[in-house]
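Here is how the chains run, residue by residue.
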Amino acid sequence: MCLKKIFTSVVLINLCAFAYATEVKTASKTTPKSKASSTSAPATIETPKIAVFNFKGILLEKPPEISFSLDMELQQSLHDLLERLKKAEKDESLKAVVLTFDEPLLGWAQMQELRSAVKRLRKANKDVYCYLEEAGPAIYQLASAATHICIAPGGELQLAGLYVEMGYLKGLLDKIGLEADIEHIGDYKGAGEPLTRTGPSDQAREMMNWLLADLFDQLVDSIAEGRQMAAEKVRELIDRGPFNPEEALREGLVDELLDADAFLLSLRERHGSDFTLVRDY
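Note that the coordinates shown come from a computational prediction; the quantities given were computed from them, not determined experimentally.

Undergrad: Quick question: what am I supposed to make of the overall build of the chain here?
TA: The helix and strand tally for the chain stands at ten helices and six strands. When each of the 281 residues of the chain is scored for burial, the buried share is 33%. Look at the contacts in the chain between residues 6 or more apart in sequence, and 67% of them connect residues 24 or more apart. A total accessible area of about 18200 Å² is found for the chain, and carbon and sulfur atoms account for 55% of it.

Undergrad: Looking at this model, I keep getting lost on the sheet that holds strand β1 (residues 49-58). Mind explaining?
TA: Across a sheet, paired strands are connected by hydrogen bonds in the backbone, their directions being either parallel or antiparallel. Judged by pairing direction, the sheet is parallel, and its six strands sit side by side in the order β5-β4-β3-β2-β1-β6 without closing on themselves. The two strands at the open ends of the sheet, each matched to only one other strand, are β5 (256-257) and β6 (276-278). Taken together, the five bridges between strand β2 (residues 94-105) and strand β3 (residues 127-135) define a ladder with parallel strand orientation. Each residue of the ladder has a partner; that of T100, found in β3, is Y131. Lying on the sheet, helix α2 (residues 78-90) is in contact with β1 and β2; it crosses β1 at an angle near 165 degrees.

Undergrad: How do you make sense of the nonpolar core when you look at a structure like this?
TA: F53, L99, L114, L132 and L253 are the most contacted members of the largest nonpolar core, which has 48 residues in total. Grouped together as the second largest cluster of nonpolar side chains are twelve residues, V98, C150, L258 and L267 included.

Undergrad: Before we go on, may I ask you to explain the pattern of salt bridges in this structure?
TA: Close approach of charged atoms allows side chains of opposite charge to pair. On inspection of all chains with the given rule, the structure shows 14 salt bridges. Among the salt bridges present, the one from R235 reaches D217, with a minimum N-O distance of 2.8 Å. Separated by 18 residues along the polypeptide, R235 in helix α8 (residues 231-240) and D217 in helix α7 (residues 202-227) bring together distant segments of the chain. Taking the shortest distance from any N to any O, the salt bridge between K233 and E236 comes out at 3.6 Å.

The rules behind the values
- Residues numbered from 1 in each chain as written.
- Predicted model: local features only at pLDDT ≥ 70, side-chain atom pairs only at ≥ 80, totals over all residues.
- Heavy atoms only, no water.
- Helix = DSSP H or I, 4+ residues; strand = E, 2+ residues; numbered from the N terminus.
- Buried < 20%, exposed > 50% of the residue type's maximum accessible area, 1.4 Å probe, protein only.
- Contact = heavy atoms within 4.5 Å.
- Areas by Shrake-Rupley, 256 points an atom, 1.4 Å probe, with all protein chains shown as cover.
- Pairing = 2+ DSSP bridges.
- Axes fitted to C-alpha atoms, helices over the stretch in contact; angles between N-to-C directions.
- Core = buried A, V, L, I, M, F, W, Y, C linked by side-chain atoms within 4.5 Å.
- Salt bridge = Lys/Arg side-chain N within 4 Å of Asp/Glu carboxyl O.

Such coordinate-based values are descriptive only and should not be taken to indicate function.
Spelled out as structure tokens, the structure:
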């Protein structure tokens, strides 16, 4: 459903609600009160909702600059997304939240902030569902905080540890006759190494391994907490990754293997058929 149709439907619903409220208010003024019995206007019952948050592309650290280009797709910002998730915590008509992923580019810190937001939703008694097609370590770490994880039959869980790539340009500079004028002072001061070396120094390698080890521990602990597994079990699974959908289901890394239509049907089985799916909450 396109944004225009969603917006039109919301406007029509709001207009109908407003018309109904006005009619009730007018009737209460013109109808005389009875001493034998009294009636009150029925309370408006808001339609239950399930909100869908789709993570796509780069997540900006701040709201994007105003653009007057009509064909330019508006990018999400971390601030706005967190505010929408905070709004979902307090929405009593919201039954659940669904997270979907369309090749998002999330930084590690962004992922951790979003994971904390998911945990707050659960603390507010909101079920959180993650629907995965493909997921690497960062996305799966976020998904592990959800109440329920579903993976598409043709998907893949690329849970295979962490790695880092570093570029060194001295060889290129030598070929074109250039030399970087950088003063190196002290160990573990490797900011200039990419321009003055063809590979990392022992100290730079040590620091990078230390950083990766810390991030890996965070990954293991988060998955262990979210999936209620022992940390050693999680480490063993990561050593055996990646996983196809059947393997991920068998190992308890996901809860269901369903295509998109079957996933929607499962939501209706869990939460009834009367809810509204809000794709732009």
